[in-house]
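One-letter residues, chain by chain:
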Amino acid sequence: MEDRRERLVRRVSAEMTRIGHPLSPPVEASLRSVPRHLFLPEGLWPAAYDNAAQLIGWGQTISQPLIVALMTELLRPRRGDAVLEIGSGSGYQAAILSGLVERVYGVETIPALAAKAAERLARLGYDNVRIRQGDGRDGWPEHAPFDGIIVAAAAVELPPGLAPQLRTGGRLVIPLGGHRLSQDLFVFEKRADGTLDGTSVLPVAFVPLV
Ligand code: SAH
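Since the structure is predicted, the reported quantities are computational estimates derived from the model, not experimental observations. (Residues numbered from 1 in each chain as written. Predicted model: local features only at pLDDT ≥ 70, side-chain atom pairs only at ≥ 80, totals over all residues. Heavy atoms only, no water.)

(A) Representation of the nonpolar core in the model. Counting residues in each nonpolar core, the largest one holds 46 residues, and the members touching the most others are Val-12, Leu-31, Phe-39, Tyr-92, Leu-121 and Val-173. Secondary-structure elements contributing two or more residues to this core are helix H1 (2-18), helix H2 (25-33), helix H3 (65-75), helix H4 (92-98), helix H5 (111-123), strand E5 (129-133), strand E8 (182-190) and strand E9 (196-204). Top element by residues in this core is H3. It accounts for 8 residues. Membership of the second largest hydrophobic core comes to 16 residues, among which are Trp-140, Val-151, Leu-172 and Phe-188. (Core = buried A, V, L, I, M, F, W, Y, C linked by side-chain atoms within 4.5 Å. Buried < 20%, exposed > 50% of the residue type's maximum accessible area, 1.4 Å probe, protein only. Helix = DSSP H or I, 4+ residues; strand = E, 2+ residues; numbered from the N terminus.)

(B) Looking closely at the environment of Ala-47. By secondary structure assignment, the location of Ala-47 is in the loop between H2 and strand E1 (54-57). Setting aside its immediate chain neighbours within four residues, Ala-47 contacts Arg-36 and Gln-54. (Contact = heavy atoms within 4.5 Å.)

(C) Just the packing of aromatic side chains, in detail. For the structure shown, the criterion picks out 4 aromatic pairs. For the ring pair Phe-39 and Tyr-92, a centre distance of 5.7 Å and an interplane angle of 75° mean the geometry is edge-to-face. Of the two residues, Phe-39 is situated in the loop between H2 and E1 and Tyr-92 in helix H4; the sequence distance between them amounts to 53 residues. Judged on exposure class, the residue Phe-39 and its partner Tyr-92 are both buried. With a centroid separation of 5.8 Å and an interplanar angle of 15°, the aromatic rings of Phe-186 and Phe-188 are classed as stacked. Residue Phe-186 is classed as partly exposed on the basis of its relative accessible area of 21%. Members of the aromatic cluster, connected to one another through ring pairs, are Tyr-105, Trp-140 and Phe-146. (Phe/Tyr/Trp six-rings, centres within 6.5 Å; stacked < 30°, edge-to-face > 60°.)

(D) Focus on the pairing of strand E7 (residues 166-179). Relative to E7, strand E6 (residues 146-151) runs parallel, the two being bridged by 4 bridges. Along E7, the bridge assignment pairs Phe-146 with Leu-166. As defined by bridge partners, E7 adjoins E8 across 7 bridges and the pair is classed as antiparallel. Residue pairing across strands places Leu-176 opposite Asp-184, the latter belonging to E8. Counting the residues in the hairpin turn of E7 and E8 gives 2 residues, including Leu-181, whose phi is positive at 65°. (Pairing = 2+ DSSP bridges.)

Pasting the structure below:
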(Lines give C-alpha, C1' and ligand atoms only; values in the text may rest on other atoms or scores of the structure.)
Protein backbone atom coordinates (compact mmCIF):
# COMPACT_ATOMS: atom_id res chain seq x y z
CA MET A 1 0.00 0.00 0.00
CA GLU A 2 2.87 2.39 0.83
CA ASP A 3 4.37 1.98 -2.65
CA ARG A 4 1.03 2.55 -4.29
CA ARG A 5 0.43 5.63 -2.19
CA GLU A 6 3.83 7.03 -3.14
CA ARG A 7 3.05 6.47 -6.83
CA LEU A 8 -0.30 8.21 -6.42
CA VAL A 9 1.34 11.21 -4.73
CA ARG A 10 3.83 11.51 -7.62
CA ARG A 11 1.02 11.32 -10.14
CA VAL A 12 -1.09 13.92 -8.32
CA SER A 13 1.96 16.15 -8.03
CA ALA A 14 2.60 15.95 -11.78
CA GLU A 15 -1.08 16.66 -12.55
CA MET A 16 -1.18 19.62 -10.17
CA THR A 17 1.84 21.12 -11.92
CA ARG A 18 0.21 20.50 -15.28
CA ILE A 19 -2.97 22.36 -14.29
CA GLY A 20 -0.97 25.28 -12.89
CA HIS A 21 -1.33 24.58 -9.15
CA PRO A 22 1.92 22.91 -8.10
CA LEU A 23 1.65 20.97 -4.84
CA SER A 24 3.09 22.73 -1.81
CA PRO A 25 5.34 20.61 0.43
CA PRO A 26 2.87 20.53 3.38
CA VAL A 27 -0.06 19.37 1.22
CA GLU A 28 2.16 16.80 -0.47
CA ALA A 29 3.26 15.51 2.94
CA SER A 30 -0.34 15.25 4.05
CA LEU A 31 -1.33 13.26 0.93
CA ARG A 32 1.62 10.98 1.63
CA SER A 33 0.63 10.41 5.25
CA VAL A 34 -3.11 9.64 5.03
CA PRO A 35 -3.93 5.94 4.36
CA ARG A 36 -6.73 6.46 1.83
CA HIS A 37 -7.60 2.74 1.72
CA LEU A 38 -8.79 2.91 5.33
CA PHE A 39 -11.50 5.36 4.21
CA LEU A 40 -12.93 2.81 1.77
CA PRO A 41 -14.75 -0.52 2.17
CA GLU A 42 -12.21 -3.37 2.19
CA GLY A 43 -13.38 -4.62 -1.22
CA LEU A 44 -12.12 -1.36 -2.75
CA TRP A 45 -8.67 -1.37 -1.18
CA PRO A 46 -7.03 -2.52 -4.44
CA ALA A 47 -8.34 0.67 -6.11
CA ALA A 48 -7.66 3.00 -3.18
CA TYR A 49 -4.53 4.51 -4.75
CA ASP A 50 -5.93 5.03 -8.23
CA ASN A 51 -6.40 8.71 -9.00
CA ALA A 52 -10.15 8.22 -9.14
CA ALA A 53 -13.31 8.83 -7.14
CA GLN A 54 -14.83 5.70 -5.58
CA LEU A 55 -18.30 4.82 -4.37
CA ILE A 56 -18.59 4.74 -0.57
CA GLY A 57 -22.23 3.69 -0.27
CA TRP A 58 -25.51 5.61 0.10
CA GLY A 59 -24.99 6.86 -3.47
CA GLN A 60 -21.98 8.94 -2.37
CA THR A 61 -18.33 9.09 -3.37
CA ILE A 62 -14.89 9.74 -1.94
CA SER A 63 -13.44 12.49 -4.17
CA GLN A 64 -10.65 11.94 -6.66
CA PRO A 65 -7.24 12.50 -4.96
CA LEU A 66 -6.31 15.20 -7.51
CA ILE A 67 -9.45 17.14 -6.60
CA VAL A 68 -8.82 16.73 -2.86
CA ALA A 69 -5.29 18.05 -3.42
CA LEU A 70 -6.55 20.98 -5.52
CA MET A 71 -9.30 21.99 -3.08
CA THR A 72 -6.81 21.80 -0.22
CA GLU A 73 -4.31 24.02 -2.05
CA LEU A 74 -7.00 26.53 -3.04
CA LEU A 75 -7.87 26.91 0.63
CA ARG A 76 -4.23 27.96 1.39
CA PRO A 77 -4.33 26.27 4.80
CA ARG A 78 -2.18 27.66 7.60
CA ARG A 79 -1.21 26.05 10.91
CA GLY A 80 -3.52 28.03 13.17
CA ASP A 81 -6.61 27.85 10.96
CA ALA A 82 -10.07 26.57 11.77
CA VAL A 83 -11.65 24.99 8.68
CA LEU A 84 -15.21 23.90 7.93
CA GLU A 85 -15.84 21.06 5.51
CA ILE A 86 -19.34 20.44 4.16
CA GLY A 87 -20.01 16.94 2.88
CA SER A 88 -17.47 14.97 4.90
CA GLY A 89 -18.45 11.62 3.35
CA SER A 90 -15.72 9.14 4.21
CA GLY A 91 -13.71 11.69 6.22
CA TYR A 92 -10.72 11.51 3.84
CA GLN A 93 -10.62 15.22 2.99
CA ALA A 94 -10.96 16.04 6.69
CA ALA A 95 -7.99 13.77 7.45
CA ILE A 96 -5.91 15.54 4.79
CA LEU A 97 -6.75 18.90 6.40
CA SER A 98 -6.13 17.60 9.92
CA GLY A 99 -2.34 17.76 9.63
CA LEU A 100 -2.35 21.18 7.97
CA VAL A 101 -4.53 23.30 10.26
CA GLU A 102 -5.45 23.59 13.92
CA ARG A 103 -9.08 22.44 13.85
CA VAL A 104 -11.36 20.83 11.28
CA TYR A 105 -15.16 20.82 11.56
CA GLY A 106 -17.06 18.53 9.21
CA VAL A 107 -20.78 18.40 8.50
CA GLU A 108 -22.30 15.39 6.73
CA THR A 109 -25.99 14.97 6.02
CA ILE A 110 -26.21 11.16 5.82
CA PRO A 111 -26.28 9.88 9.42
CA ALA A 112 -24.51 6.56 8.75
CA LEU A 113 -21.67 8.27 6.84
CA ALA A 114 -21.28 10.94 9.53
CA ALA A 115 -21.10 8.30 12.26
CA LYS A 116 -18.63 6.13 10.34
CA ALA A 117 -16.39 9.08 9.44
CA ALA A 118 -16.32 10.31 13.04
CA GLU A 119 -15.51 6.84 14.38
CA ARG A 120 -12.81 6.25 11.74
CA LEU A 121 -11.10 9.63 12.22
CA ALA A 122 -11.03 9.11 16.01
CA ARG A 123 -9.66 5.57 15.65
CA LEU A 124 -6.90 6.77 13.31
CA GLY A 125 -5.92 9.53 15.75
CA TYR A 126 -7.11 12.61 13.83
CA ASP A 127 -8.10 14.19 17.11
CA ASN A 128 -8.43 17.80 15.91
CA VAL A 129 -11.37 16.85 13.66
CA ARG A 130 -15.03 16.94 14.69
CA ILE A 131 -17.85 15.62 12.50
CA ARG A 132 -21.53 16.23 13.03
CA GLN A 133 -24.58 15.06 11.17
CA GLY A 134 -26.64 17.87 9.69
CA ASP A 135 -27.33 20.15 6.75
CA GLY A 136 -24.04 21.77 5.89
CA ARG A 137 -25.76 24.70 4.17
CA ASP A 138 -26.22 26.05 7.70
CA GLY A 139 -22.48 25.78 8.39
CA TRP A 140 -21.55 25.30 12.04
CA PRO A 141 -22.27 28.67 13.71
CA GLU A 142 -20.97 27.65 17.16
CA HIS A 143 -17.42 27.37 15.77
CA ALA A 144 -17.52 30.29 13.30
CA PRO A 145 -15.79 32.30 11.99
CA PHE A 146 -13.70 29.94 9.89
CA ASP A 147 -10.47 30.73 8.05
CA GLY A 148 -11.58 28.45 5.25
CA ILE A 149 -14.64 26.52 4.08
CA ILE A 150 -14.58 23.55 1.67
CA VAL A 151 -17.83 22.33 0.15
CA ALA A 152 -17.44 18.80 -1.24
CA ALA A 153 -20.81 18.66 -3.01
CA ALA A 154 -22.07 20.76 -5.92
CA ALA A 155 -24.54 23.61 -5.51
CA VAL A 156 -26.36 25.67 -8.13
CA GLU A 157 -25.43 28.81 -6.25
CA LEU A 158 -23.57 29.69 -3.07
CA PRO A 159 -25.58 28.67 0.00
CA PRO A 160 -26.24 32.07 1.63
CA GLY A 161 -25.51 30.84 5.16
CA LEU A 162 -21.82 30.20 4.55
CA ALA A 163 -20.21 33.56 3.76
CA PRO A 164 -21.23 35.08 7.12
CA GLN A 165 -19.28 32.27 8.83
CA LEU A 166 -16.10 33.07 6.90
CA ARG A 167 -13.45 35.38 8.35
CA THR A 168 -12.36 38.44 6.33
CA GLY A 169 -9.58 37.25 4.03
CA GLY A 170 -10.82 33.67 4.42
CA ARG A 171 -11.35 31.37 1.45
CA LEU A 172 -14.34 29.33 0.36
CA VAL A 173 -13.87 26.50 -2.16
CA ILE A 174 -17.01 25.10 -3.80
CA PRO A 175 -18.15 23.38 -7.02
CA LEU A 176 -20.95 25.44 -8.61
CA GLY A 177 -23.21 24.57 -11.52
CA GLY A 178 -26.65 23.36 -12.42
CA HIS A 179 -25.72 20.09 -14.09
CA ARG A 180 -25.45 16.78 -12.30
CA LEU A 181 -21.81 15.65 -12.55
CA SER A 182 -20.60 18.75 -14.42
CA GLN A 183 -19.74 21.96 -12.57
CA ASP A 184 -16.91 24.45 -12.11
CA LEU A 185 -14.74 24.54 -9.04
CA PHE A 186 -14.70 28.08 -7.62
CA VAL A 187 -12.57 29.74 -4.99
CA PHE A 188 -13.93 32.84 -3.25
CA GLU A 189 -12.09 35.22 -0.96
CA LYS A 190 -13.96 37.36 1.54
CA ARG A 191 -13.18 41.07 1.23
CA ALA A 192 -13.16 43.54 4.13
CA ASP A 193 -16.56 44.87 3.03
CA GLY A 194 -18.03 41.38 3.45
CA THR A 195 -18.48 40.64 -0.26
CA LEU A 196 -16.91 37.66 -1.99
CA ASP A 197 -14.42 37.74 -4.82
CA GLY A 198 -14.71 34.55 -6.88
CA THR A 199 -12.62 32.79 -9.52
CA SER A 200 -13.45 29.70 -11.56
CA VAL A 201 -10.59 27.21 -11.44
CA LEU A 202 -11.44 23.92 -13.15
CA PRO A 203 -14.39 21.91 -14.54
CA VAL A 204 -15.28 19.19 -12.01
CA ALA A 205 -17.89 16.49 -11.34
CA PHE A 206 -19.37 16.37 -7.85
CA VAL A 207 -22.46 14.75 -6.37
CA PRO A 208 -25.13 17.36 -5.57
CA LEU A 209 -25.47 19.27 -2.32
CA VAL A 210 -28.94 18.33 -1.10
N1 SAH B 1 -15.21 14.95 1.23
C2 SAH B 1 -15.70 13.59 1.07
C3 SAH B 1 -16.40 13.40 -0.26
C4 SAH B 1 -17.80 13.65 -0.10
S5 SAH B 1 -18.93 13.44 -1.42
C6 SAH B 1 -14.60 12.60 1.25
O7 SAH B 1 -13.44 13.01 1.39
O8 SAH B 1 -14.90 11.41 1.29
C9 SAH B 1 -20.13 14.65 -0.90
C10 SAH B 1 -20.80 14.40 0.42
O11 SAH B 1 -21.66 15.52 0.65
C12 SAH B 1 -21.69 13.16 0.48
O13 SAH B 1 -21.27 12.33 1.52
C14 SAH B 1 -23.09 13.75 0.73
O15 SAH B 1 -23.88 12.93 1.58
C16 SAH B 1 -22.77 15.07 1.40
N17 SAH B 1 -23.80 16.10 1.35
C18 SAH B 1 -24.65 16.40 0.32
N19 SAH B 1 -25.44 17.43 0.66
C20 SAH B 1 -25.07 17.83 1.93
C21 SAH B 1 -25.54 18.83 2.82
N22 SAH B 1 -26.52 19.68 2.50
N23 SAH B 1 -24.95 18.93 4.04
C24 SAH B 1 -23.94 18.08 4.39
N25 SAH B 1 -23.48 17.10 3.59
C26 SAH B 1 -24.03 16.97 2.37
